[in-house]
Amino acid sequence: MTTQSTALITGASTGIGATYAERFAQRGHDLVLVARDKARLDALAQRLRDERQVAVDVLQADLTNQADLATVEARLRDDARIDILINNAGMAQSGGFEQQTAESIDRLIALNITSLTRLAAAAAPRFAQAGAGSIVNLGSVVGFAPEFGMSIYGATKAFVLFLSQGLSLELVPKGVYVQAVLPAATRTEIWERAGIDVNTLTEVMDVDELVDAALVGFDRRELITIPPLHVAERWTALDGARQGLLADIRQAHAADRYRQQA
Ligand SMILES: NC(=O)C1=CN([C@@H]2O[C@H](COP(=O)(O)OP(=O)(O)OC[C@H]3O[C@@H](n4cnc5c(N)ncnc54)[C@H](OP(=O)(O)O)[C@@H]3O)[C@@H](O)[C@H]2O)C=CC1
Ligand SMILES: N[C@@H](C=O)C(=O)O
């Protein structure tokens, strides 16, 4: 059986995921492409087989469906050729918090949080056992921006950042690389799917540029890759301030500002 490195990419039928598929095929990786739209997946798979002479499997799955998610989990657990997981599938939020329904909330969290976490959990033990493997999680700068107005979406992306930092601390000592990629507005269908005209946005990055930048971070084994952040020190300062806050936590007693004056 071939030991060719294989990348499993979720949300691979279009946008960032489809671009990751192009790039990893160019790099000679075999692929497993996951999404709901089988026709688009099949067309991309055949083109990449023809153009790049790599093996491409299509795994049609709705990652908000428990049975489909379990199928993809099993593939990650059982297929030893897969050593890269691109946890990319995601959706944005349509409307404000008050316009959300139980179903829209459940769908957003099921895709952006549950499926991403479950797939990382399916891959991590085998990667750790092998002492190798990469897990790439697609977050968003919106995870830093409650001002953006997509409160649930942004919260899902803040989750992705936190999870990636935690997984990196746990898995890097076992030889597993973890990367969180945080794009800003990037020209894909996600906007139209959320009912937003991408052409109304002032600045939008081309998807090829986003993924190529994310892969620079991947090749450098960077933990947090924020392609649109031109002042890298902003992130290091933010994360340093976070760690400073933790250092100032005194758990035994409430801070003076919360203590009733006698
Ligand atoms: N574009 C942007 O501005 C930004 C995007 N991101 C993040 O990047 C990631 C990719 O987004 P982007 O490429 O822009 O989005 P697109 O909407 O262009 O693509 C989303 C992909 O996810 C798949 N997908 C959607 N729902 C499901 C589902 N229920 N089950 C399985 N697959 C599903 C879609 O395929 P199908 O419909 O065939 O299932 C598609 O392949 C997301 O996590 C997003 O949050 C982060 C910051 C900015
Ligand atoms: N997907 C975009 C918001 O809809 C983003 O994360 O910027």
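First things first, this report covers the structure right here in the doc.

Rules used throughout
Residues numbered from 1 in each chain as written. Chains lettered and ligands numbered in written order. Predicted model: local features only at pLDDT ≥ 70, side-chain atom pairs only at ≥ 80, totals over all residues. Heavy atoms only, no water. Core = buried A, V, L, I, M, F, W, Y, C linked by side-chain atoms within 4.5 Å. Buried < 20%, exposed > 50% of the residue type's maximum accessible area, 1.4 Å probe, protein only. Helix = DSSP H or I, 4+ residues; strand = E, 2+ residues; numbered from the N terminus. Contact = heavy atoms within 4.5 Å. Salt bridge = Lys/Arg side-chain N within 4 Å of Asp/Glu carboxyl O. Pairing = 2+ DSSP bridges. Right-handed = clockwise from strand over helix to strand, strands pointing away. Phe/Tyr/Trp six-rings, centres within 6.5 Å; stacked < 30°, edge-to-face > 60°.

**Quick word on the nonpolar core**
No. 1: Residues Ile-9, Tyr-20, Phe-24, Leu-31, Leu-33 and Ile-86 are the most contacted members of the largest nonpolar core, which totals 31 residues.
No. 2: Taken together, the elements giving at least two residues each to this core come down to strand 1 (6-10), helix 1 (15-26), strand 2 (30-35), helix 2 (38-52), strand 4 (82-87), strand 5 (134-138), strand 6 (177-181) and helix 7 (207-219).
No. 3: In contact with Leu-33, other than residues within four places in its own chain, are Ile-9, Ala-12, Ala-21, Leu-41, Leu-44, Ala-45, Val-56, Asp-57, Val-58 and Leu-59.
No. 4: Judged by nonpolar contacts, the second largest core, of 27 residues, contains Leu-8, Ala-123, Ala-124 and Phe-127.

**Observations concerning the pattern of salt bridges**
No. 1: Tallied over the full model, the rule gives 14 salt bridges.
No. 2: One salt bridge connects Arg-75 with Asp-79, and the closest N-O pair in it is separated by 3.0 Å. When sorted by exposure, Arg-75 lands in the same class as Asp-79, which is buried.
No. 3: Through salt bridges with shared partners, a single network forms among Asp-57, Arg-75, Asp-79 and Arg-81.

**Quick notes on the pairing of strand 6**
No. 1: For strand 6, the buried fraction is high: 5 of the 5 residues fall into the buried class.
No. 2: Burial along strand 6 is two-sided: the residues Tyr-177, Gln-179 and Val-181 and Val-178 and Ala-180 are all buried.
No. 3: Across 5 bridges, the pairing between strand 5 and strand 6 is parallel. Bridge pairing in strand 6 places Ser-134 opposite Tyr-177.
No. 4: Remark: the strand 5/helix 5 (residues 151-171)/strand 6 crossover connection has right-handed handedness.
No. 5: Two elements, strand 6 and strand 7 (residues 224-225), share 2 bridges in a ladder whose sense is parallel. Residue pairing across strands places Val-181 opposite Thr-225, the latter belonging to strand 7.

**Some details on the packing of aromatic side chains**
Two descriptors summarise a pair of aromatic rings, namely the distance from one centre to the other and the angle between the planes of the rings.
No. 1: Using the criterion set out here, one finds 4 aromatic pairs in the structure.
No. 2: When the centroid spacing of 6.0 Å and the interplanar angle of 15° are considered together, the rings of Tyr-20 and Phe-24 count as stacked. One end of the pair is Tyr-20 and the other is Phe-24, both in helix 1 and 4 residues apart, which spans about a single turn. Across the pair, Phe-24 and Tyr-20 agree in class, each one buried.
No. 3: Judged by centre distance (5.6 Å) and plane angle (70°), the rings of Tyr-177 and Phe-218 are edge-to-face. Placement of Tyr-177 in strand 6 and of Phe-218 in helix 7 is noted, with a sequence separation of 41 residues between them. Across the pair, Phe-218 and Tyr-177 agree in class, each one buried.
No. 4: An aromatic cluster is present here, built from Tyr-20, Phe-24, Tyr-177 and Phe-218 joined pairwise through their rings.

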